[in-house]
Amino acid sequence: RIPVLAVDGPSSSGKGTVASAVAQHLGYHFLDSGAVYRATALAAMRAGLTPADEHAVAVVAATLDLAFEGKSIRLAGEEVAELLRDEAVGSLASKISALPSVRSALRELQLSFRRLPGLVADGRDMGTVIFPGADMKVFLTASAAKRAERRHKQLISKGISSNIDDLRADLEARDQRDQNRAVAPLKPAPDALPLDNSDLTIDESVNWVLNCWEQ
Ligand code: C5P
């Protein structure tokens, strides 16, 4: 059996940072499933597709040539890690991720990350749909105000100015879309451990997860 730790939660809840640090600590593989949806969105965008072209976007998803290595993400050989963080890419990812055939086309690719010695998977439906039998599931949240503040700081560090209220409105719109879609809506698995990290540092959250894992 290959152990799996699923970390789900809304945008900018810190799950990517926490999950990758936990993976590193355990020496496990790491799946950033949001990046898989973002890469699909980028490839679809470049092919001139919109969310209305469900079948064609699903074909793009099924034939995605994606390679992760450390912080590097290659799409058909091209380094795209930075591009994937783009707001437009994230917004399209959120829209195409509501398409059932796109989600099922990406299932196998996500399952293939489960390799020895183990996997930490981060996303929206890791514990509910992709790895329902995960050894441990964490549902990470933070208040919308805190998430907007973190996103704002992240953008500043990249030299991008932004408005906190706009960021918060955007986050809340994305939460709504993720929670209300018909397929794989964002919700905690019944057996997920909830963690609100609004007032925790990254290290505190990482240690909380590692403590639970070791028990
Ligand atoms: O987590 P991240 O912001 O990178 O994800 C981008 C978009 O992909 C999210 O807004 C969400 O709609 C979608 N997503 C998803 N299922 C996942 C991971 C991400 O629907 N497991």
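Residues numbered from 1 in each chain as written. Predicted model: local features only at pLDDT ≥ 70, side-chain atom pairs only at ≥ 80, totals over all residues. Heavy atoms only, no water.

This next bit is on the site of the ligand. Neighbouring residues of the ligand: 16 residues in total, closest S33, R38, R103, R124 and D178. One of the side-chain nitrogen or oxygen atoms of D125 is found 2.9 Å away from a nitrogen atom of the ligand. Between the ligand and R181 there is a distance of 2.9 Å, counted from an oxygen atom to a side-chain nitrogen or oxygen. When the free accessible area of the ligand is taken as 450 Å², the share hidden by the protein chains comes to 96%. Those elements giving two or more residues to the shell around the ligand turn out to be α2 (33-46), α5 (87-96) and α10 (164-180). At four residues, α2 tops the list of elements feeding residues into the shell around the ligand. Per-class residue counts for the shell around the ligand are three nonpolar, five polar and eight charged. (Near = heavy atom within 4 Å. Polar contact = N/O pair within 3.5 Å; in protein donor to acceptor, adjacent residues only side chain to side chain. Areas by Shrake-Rupley, 256 points an atom, 1.4 Å probe, with all protein chains shown as cover. Helix = DSSP H or I, 4+ residues; strand = E, 2+ residues; numbered from the N terminus. Nonpolar A, V, L, I, M, F, W, Y, C, P; charged D, E, K, R; others polar.)

A few words on the pairing of strand β6 (residues 119-123). Judged by how many residues are buried, β6 sits mostly within the fold: five of five residues are covered. Side chains L119, A121 and G123 of β6 all project onto a buried face; the interleaved residues V120 and D122 project onto the opposite face, where all are buried too. In this structure, strand β1 (residues 4-8) lies alongside β6, joined through five bridges in parallel fashion. Its bridge partner lying in β6, D8 is registered against G123. Summarising the sheet, strand β2 (residues 29-32) and β6 pair through four bridges and their orientation is parallel. (Buried < 20%, exposed > 50% of the residue type's maximum accessible area, 1.4 Å probe, protein only. Pairing = 2+ DSSP bridges.)

Counting residues in each nonpolar core, the largest one holds 37 residues, and the members touching the most others are L31, L64, L84, V102 and F131. Elements represented by at least two residues in this core include exactly β1, α2, α3 (54-62), β4 (72-75), α4 (81-84), α5, β6 and α8 (126-130). Apart from the residues lying within four places of it in its own chain, the contact partners of L64 are V36, A39, T40, A43, L75, L106 and L109. One finds A23, L140, V209 and L210 within the second-largest nonpolar core, a separate group that totals 16 residues. (Core = buried A, V, L, I, M, F, W, Y, C linked by side-chain atoms within 4.5 Å. Contact = heavy atoms within 4.5 Å.)

Turning our eyes to something else, we now look at the packing of α2 against α3. Taken N-terminus to C-terminus, the directions of α2 and α3 make an angle of 125°; their axes are 9 Å apart at the nearest point. Viewed along their axes, α2 and α3 adopt a mutual orientation that is oblique. Pair α2 / α3 crosses with right-handed handedness. Along the contact surface, α2 presents T40, A43 and A44, while α3 presents V57, V60 and A61. Tallied by class, residues from the contact of α2 with α3 come to five nonpolar, one polar and no charged. (Axes fitted to C-alpha atoms, helices over the stretch in contact; angles between N-to-C directions. Parallel < 35°, antiparallel > 145°, perpendicular 65-115°, else oblique. Left-handed = near helix turned anticlockwise from the far one by under 90°.)

The next subject is the sheet that holds β1. Read across the open sheet, the five strands follow the order β2-β6-β1-β7-β8; overall the sheet is parallel. Either end of the sheet is taken by a strand with one partner, and the two such strands are β2 and β8 (193-196). Neighbouring strand axes in the sheet, compared pairwise and without regard to direction, differ in orientation by 20° on average. This element, helix α1 (residues 15-26), spans β1, β2, β6 and β7 (136-141) of the sheet and lies at about 175° to β6. Along the sheet face, α2 touches β2 and β6 and points at about 45° away from the line of β2.

Turning to α2, a few remarks are in order. Over its 14 residues, α2 runs 20 Å from end to end, which matches the ideal 20 Å to within 8%, given 1.5 Å per residue. Across the 14 residues of α2, eleven count as buried, placing the element largely inside the fold. Taken as a whole, α2 has its buried residues at S33, A35, V36, Y37, R38, A39, T40, A41, L42, A43 and A44. In the segment just after α2, G48 is the residue with positive phi, at about 75°. (Expected span 1.5 Å × (residues − 1).)

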